[in-house]
There are 2 protein chains.
Amino acid sequence: MATGRTHRPATRSRGIPEATVARLPLYLRALTALSERSVPTVSSEELAAAAGVNSAKLRKDFSYLGSYGTRGVGYDVEYLVYQISRELGLTQDWPVVIVGIGNLGAALANYGGFASRGFRVAALIDADPAMAGKPVAGIAVQHTDELEKIIEDNGVHIGVIATPAGAAQQVSERLIAAGVTSILNFAPTVLQVPDGVDVRKVDLSIELQILAFHEQRKAGEEATAEAVVADAVAEAAAKDVKDTAAEQSAEAKRTAAAEAAVPSAARAEATARTESTDRKGPDGDVPAVMPA
Amino acid sequence: MATGRTHRPATRSRGIPEATVARLPLYLRALTALSERSVPTVSSEELAAAAGVNSAKLRKDFSYLGSYGTRGVGYDVEYLVYQISRELGLTQDWPVVIVGIGNLGAALANYGGFASRGFRVAALIDADPAMAGKPVAGIAVQHTDELEKIIEDNGVHIGVIATPAGAAQQVSERLIAAGVTSILNFAPTVLQVPDGVDVRKVDLSIELQILAFHEQRKAGEEATAEAVVADAVAEAAAKDVKDTAAEQSAEAKRTAAAEAAVPSAARAEATARTESTDRKGPDGDVPAVMPA
DNA sequence: CCATCTTTGTGCACGCGTTCACAAAGACAT
DNA sequence: ATGTCTTTGTGAACGCGTGCACAAAGATGG
Ligand SMILES: NC(=O)c1ccc[n+]([C@@H]2O[C@H](COP(=O)([O-])OP(=O)(O)OC[C@H]3O[C@@H](n4cnc5c(N)ncnc54)[C@H](O)[C@@H]3O)[C@@H](O)[C@H]2O)c1
Ligand SMILES: NC(=O)c1ccc[n+]([C@@H]2O[C@H](COP(=O)([O-])OP(=O)(O)OC[C@H]3O[C@@H](n4cnc5c(N)ncnc54)[C@H](O)[C@@H]3O)[C@@H](O)[C@H]2O)c1
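Residues numbered from 1 in each chain as written. Chains lettered and ligands numbered in written order. Predicted model: local features only at pLDDT ≥ 70, side-chain atom pairs only at ≥ 80, totals over all residues. Heavy atoms only, no water.

Surveying the vicinity of ligand 2 reveals 24 residues, the closest of which are Asn103, Leu104, Asp126, Ala162 and Thr163 of chain B. Ligand 2 sits at a junction of chains, with neighbouring residues supplied by chains A and B. At 3.5 Å, a backbone N or O of isoleucine 101 of chain B approaches an oxygen atom of ligand 2. Between ligand 2 and the protein, one listed contact pairs an oxygen atom with a side-chain N or O atom of aspartate 126 of chain B at 2.5 Å. Within the complex, the protein chains bury 83% of what would otherwise be the 820 Å² of accessible surface of ligand 2. (Near = heavy atom within 4 Å. Polar contact = N/O pair within 3.5 Å; in protein donor to acceptor, adjacent residues only side chain to side chain. Areas by Shrake-Rupley, 256 points an atom, 1.4 Å probe, with all protein chains shown as cover.)

Here is the structure:
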């Protein structure tokens, strides 16, 4: 889910591959668990299993950090925890602000995993005047007016956006102008940011859609005759539109497509459909325009 | 953040690359926004800009679905919305259960973006008897005892796990045994699942750590002499441990590493450190073992 | 009907990431 | 000290994803 990486060629000689960086937290978590159980050393095989990756991959990942293992024995757990933590910049304290203290923002503020790894919630910010001063997770919510001052006073470089989609772009601009250079975005929008600013996004809806794709695949394999037929109907209808429209004006084609697509979709759905609600998300989230 | 994909070679002839699948929801969102504004057609260039990707990539992605564009004009918005929706399996209704109705689970249940794309929250499940019957987002929470029955009765194939990390593996096993084949996991654990089950994870902590890594990089570039020195000290201490330990037994090396790593880390931190809290997350989240 | 202009669809090359497989390093026993 | 056994670190091959660049398709205007 990485986005917006400028992927500068790393002036620094030691360039750790992005894919490796993304796995380091995984290794760190597994190592921390071992450390708690006072396990002194661990082999690449064992650790890889715990982290859910290939052991060769893990060894190669570690090789980018240096030679921290001992052949015939494995890796020293405590030592590796320290090295990875240092590489990830976790040996220092990162003040973080959360903007948008609604359902999600409040949950994030309450999340313990935040503080447990060197991240400190420096402030909670919301545009709703009614929220101002109200404590969430033991911290008083501050109004958006204070945003710039908060960022600057606390030397914040990492911001979390949990506002409605419509406000996200503007919020990101204010954060960046005030000094933030890393953003974790929970709003379903593509943020436009200048070079040098890293954006990572977490999008529940996208994750579910990807799962749905594979789920449909699985269902399609033990294809019920019924489903195949329904699909064929939809397919045929779609093709008809295309072929017919080819001989028409672009305008006519568009109309034909829109009209034909809906009924065919409805037909394909008929088998599984339970209830057709009005698809209209709250906040700025765009409603799906699928057949109603 | 894809995980656990079995990556079966796709019996079906039409194999859409995983990277493309992950982008389809992005395109769909941009297209839906255009559709709302009644924009009839869109060029690959425009749509790519809206989705934040390269236009060549977008065209190639669409080419896997078929030839849905018109040269010299672009793509028909409505038609493309339908095709992508169908490809993602969004023309059918997917019942979803959320397990673990705490801070996060409740926020998810309240999230409108869920229902807005063909996903229907079929049930909310929690192990806490006190929660049972309590309505969250208009749905009564049900007890874990009912899990299997709920899954089977509603034909649920997609499950969301928002329990503490310690419970996640067990919950996933029950879900899978009851018929779930796709899991969206918010708990910070690597789930062990059988072939044929897709798992995608959302891990806030990992995202922040990745951001911290890049943030540290940026800070290192306009390296203050102070920071360089502190880093060098830590580095030297670390090296010392390694070199010295090489002449000792593994046991001694481990001890030396553990002891030396802490003070050197503390030293490196000294500049930026604000407050050293006891790192102990709630729930099953593993506490970081870094210098206290 | 022809010319021009726009935009798609894709062949191709390149770079990154993954995985295999193995030589070398080192622990440990004798 | 020497041999055996375990496990690392990495060279090399491969496959996937990305982006360039362009030919072909088709719209549009004269
Ligand atoms: N709730 C979830 O589970 C969930 C899941 C995935 C994505 N999201 C996304 O996260 C975002 C927040 O979701 P939510 O359910 O918490 O919504 P919400 O409506 O409960 O909360 C949004 C909050 O943002 C505040 N806000 C609005 N404009 C603002 C601005 N310009 N500056 C600062 N604050 C502002 C509002 O006052 C409100 O408190 C949405 O974009 C949503 O699509 C939510
Ligand atoms: N809150 C966040 O912003 C956030 C962010 C990232 C990750 N997470 C992770 O998501 C998970 C939930 O976080 P939270 O803040 O909501 O925690 P929480 O403690 O508020 O909620 C956990 C809920 O799960 C229920 N539960 C416990 N064991 C269960 C079981 N076996 N079956 C069903 N339900 C069970 C508990 O009764 C509780 O209601 C945690 O693993 C956390 O690490 C949370």
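Take the UniProt feature "DNA-binding region" (unreviewed entry) in chain A next. Listed under "DNA-binding region" (unreviewed entry) in the UniProt record, and renumbered for this structure, are residues 26-65 of chain A. End C-alpha to end C-alpha, residues 26-65 of chain A measures 15 Å, and it is 75% helix and 5% strand. (UniProt positions renumbered as here; feature names shortened; annotations may be inferred. Helix = DSSP H or I, 4+ residues; strand = E, 2+ residues; numbered from the N terminus.)

Attention now goes to the sheet that holds strand β2 (residues 41-42) of chain B. Residues and elements named next belong to chain B. The three strands lie next to each other as β2-β4-β3, forming an open sheet whose pairing is antiparallel. Two strands in the sheet have a free side with no partner beyond their single neighbour: β2 and β3 (69-70). As paired strands, β3 and strand β4 (residues 74-76) are joined by two bridges and run antiparallel to one another. Looking at β4, one finds that threonine 70 is bridged to glycine 74. Helix-sheet contacts for helix α4 (residues 77-88) involve β2 and β4, and the interaxial angle to β4 is about 70 degrees. (Pairing = 2+ DSSP bridges. Contact = heavy atoms within 4.5 Å. Axes fitted to C-alpha atoms, helices over the stretch in contact; angles between N-to-C directions.)

Attention now moves to the UniProt feature "domain: CoA-binding" (unreviewed entry) in chain A. The feature "domain: CoA-binding" (unreviewed entry), as given by UniProt, occupies residues 89-190 of chain A in the numbering adopted here. For residues 89-190 of chain A, the helix share is 29%, the strand share is 28%, and the end-to-end C-alpha distance is 27 Å.

Moving on, we come to the protein's contact with DNA strand C. Close to DNA strand C lie 25 residues; Arg23 of chain A together with Ser44, Arg59, Arg71 and Tyr75 of chain B are nearest. Between arginine 23 of chain A and DNA strand C, the recorded distance is 2.9 Å, taken from a side-chain N or O atom to a phosphate oxygen. Measuring from a phosphate oxygen of DNA strand C, one finds a side-chain N or O atom of lysine 57 of chain A at 3.3 Å. Contributions of two or more residues to the surface near DNA strand C are made by α1 (18-36) and α3 (55-65) of chain A together with α3 (55-65), β3 and β4 of chain B. Sort the elements by how many residues they give to the surface near DNA strand C and α3 of chain A lands first, with four residues.

Moving on to the site of ligand 1. Among the 24 residues in the neighbourhood of ligand 1, the closest are listed as Asn103, Leu104, Asp126, Ala162 and Thr163 of chain A. Each of chains A and B places residues next to ligand 1. Between ligand 1 and leucine 104 of chain A, the relevant distance is 2.8 Å, taken from an oxygen atom to a main-chain nitrogen or oxygen of the residue. Contact with the protein chains removes 83% of the 820 Å² of surface that ligand 1 exposes when unbound. At the level of elements, α5 (103-110) and α7 (165-178) of chain A together with α5 (103-110) of chain B are the ones that each hand at least two residues to the shell around ligand 1. Of the residues forming the shell around ligand 1, the biggest block, three residues, is contributed by α7 of chain A. Partitioning the shell around ligand 1 into residue classes produces 16 nonpolar, five polar and three charged. (Nonpolar A, V, L, I, M, F, W, Y, C, P; charged D, E, K, R; others polar.)

Taken together, 24 residues lie near DNA strand D, and Ser44, Arg59 and Tyr75 of chain A together with Lys57 and Lys60 of chain B sit nearest. Considering the 4 Å shell around the protein, atoms of DNA strand D inside it are sugar or phosphate in 64% of instances. A distance of 2.9 Å separates a sugar or linking oxygen of DNA strand D from a polar atom in the side chain of arginine 71 of chain A. The dominant element in the surface near DNA strand D, judged by the number of residues it contributes, is α3 of chain B, at four residues.

The next thing to look at is the packing of aromatic side chains. All names here are of chain A. All chains considered together, the criterion is met by eight aromatic pairs over all chains. Relative to tyrosine 75, the ring of phenylalanine 62 lies with its centre 5.1 Å away and its plane at 80 degrees, an arrangement referred to as edge-to-face. Taken together, the positions of phenylalanine 62 in helix α3 and tyrosine 75 in strand β4 (residues 74-76) put the pair 13 residues apart, joining distant regions of the chain. Of the two residues, phenylalanine 62 and tyrosine 75, both sit in the buried class. Geometrically, the ring pair formed by tyrosine 111 and phenylalanine 114 is edge-to-face, given 6.5 Å between the ring centres and 70 degrees between the ring planes. A residue is classified by how much of its surface remains accessible, and tyrosine 111, at 22% relative accessible area, is partly exposed. For phenylalanine 114, a relative accessible area of 3% gives the class buried. Linked through ring pairs, Tyr27, Phe62 and Tyr75 together constitute an aromatic cluster. (Phe/Tyr/Trp six-rings, centres within 6.5 Å; stacked < 30°, edge-to-face > 60°. Buried < 20%, exposed > 50% of the residue type's maximum accessible area, 1.4 Å probe, protein only.)

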